Amino acid sequence: FAVRGPSPRAAPASWRGSPVANGAHYPLYGTLDPAKPGELEEKGFGNVFPNYIVDVVPDGKGGYADAIQFQCLDAGGVRVFEGINFLSRDRDISPERLDA
């Protein structure tokens, strides 16, 4: 999959400082290891991120509608990055659904 960065007009609060600002396209690659269920090794931005799937909302068709992932990157015994990602297959999410 790939990340397409925010633009200042569409997302003025999040585009500044983004490594993929102004609509830049950056590919990310993931690898699943059957010995590590729930972990996706994600490669992008010159790093490998162990990406842990924390929760999913099933879509009723065998897939998922939403997922929450946690990423943590250590270098030289020091944590240099932490991230929480909320992924949704829907572009717009109602406040009621977010409260569920």
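Each value, and the rule that gives it
Residues numbered from 1 in each chain as written. Predicted model: local features only at pLDDT ≥ 70, side-chain atom pairs only at ≥ 80, totals over all residues. Heavy atoms only, no water. Helix = DSSP H or I, 4+ residues; strand = E, 2+ residues; numbered from the N terminus. Buried < 20%, exposed > 50% of the residue type's maximum accessible area, 1.4 Å probe, protein only. Contact = heavy atoms within 4.5 Å. Areas by Shrake-Rupley, 256 points an atom, 1.4 Å probe, with all protein chains shown as cover. Patch = residues over 30% accessible without salt bridge, like charges linked within 9 Å, V, L, I, M, F, W, Y side chains within 5 Å. Salt bridge = Lys/Arg side-chain N within 4 Å of Asp/Glu carboxyl O. Pairing = 2+ DSSP bridges. Phe/Tyr/Trp six-rings, centres within 6.5 Å; stacked < 30°, edge-to-face > 60°. Lys NZ or Arg CZ within 6 Å of the ring centre and 35° of its normal.

Some words on the overall build of the protein chain
Phase 1 of the analysis: Looking only at helices and strands, one finds 1 helix and 7 strands in the protein chain.
Phase 2 of the analysis: Put simply, the protein chain runs from its N terminus to its C terminus through helices and strands in the order β-β-β-β-β-β-β-α.
Phase 3 of the analysis: Burial analysis of the protein chain (100 residues in total) assigns 18% to the buried set.
Phase 4 of the analysis: Once local pairs closer than 6 in sequence are excluded, the contacts in the protein chain between residues at least 24 apart make up 14%.
Phase 5 of the analysis: Accessible surface, the protein chain as shown: approximately 7500 Å² in total, 56% of it carbon and sulfur.

So, a nonpolar patch on the surface
Phase 1 of the analysis: A cluster of nonpolar residues, Tyr52, Val54, Ile68, Phe70, Ile84, Phe86 and Leu98, forms a patch on the protein surface that exposes about 670 Å² of accessible area.
Phase 2 of the analysis: Those elements that place two or more of their residues in the nonpolar patch are β5 (47–58), β6 (64–75) and β7 (78–88).
Phase 3 of the analysis: Position of Phe70 among the secondary structure elements: in strand β6.
Phase 4 of the analysis: Given a relative accessible area of 31%, Phe70 falls into the partly exposed group.

Notes on the pairing of strand β4 (residues 39–44)
Phase 1 of the analysis: Where β4 meets β5, 6 bridges bridge the pair, whose relative direction is antiparallel. Considered in β5, the bridge of Lys43 is made with Val48.
Phase 2 of the analysis: Between β4 and the antiparallel strand that follows it, β5, lie 2 residues; Phe45 among them carries a positive phi value of about 55°.

Brief notes about the pattern of salt bridges
Charged atoms that come close allow side chains of opposite charge to pair.
Phase 1 of the analysis: Enumeration over the complete set of coordinates arrives at 3 salt bridges.
Phase 2 of the analysis: Linking Glu82 and Arg79 is a salt bridge whose minimum nitrogen-to-oxygen distance equals 2.5 Å.
Phase 3 of the analysis: Overlapping salt bridges, with partners in common, bring together Asp66, Asp90 and Arg97 in one network.

Concerning the pairing of β7
Each regular strand displays side chains that alternate between the two surfaces of the sheet.
Phase 1 of the analysis: Direction of pairing for β6 relative to β7: antiparallel, over a ladder of 10 bridges. For Leu73, the partnering residue across the bridge sits in β7 and is Phe81.

Looking at the side chain of Glu42
Phase 1 of the analysis: Mapped onto the elements, Glu42 comes out in strand β4.
Phase 2 of the analysis: Relative accessible area serves as the criterion here: at 7%, Glu42 is assigned to the buried category.

Quick notes on the packing of aromatic side chains
Phase 1 of the analysis: A complete count under the given rule lists 0 aromatic pairs for this structure.
Phase 2 of the analysis: The side chain of Arg89 reaches across the aromatic face of Tyr64, ending 4.2 Å from its centre.

Read these as spatial facts, not as claims about activity.
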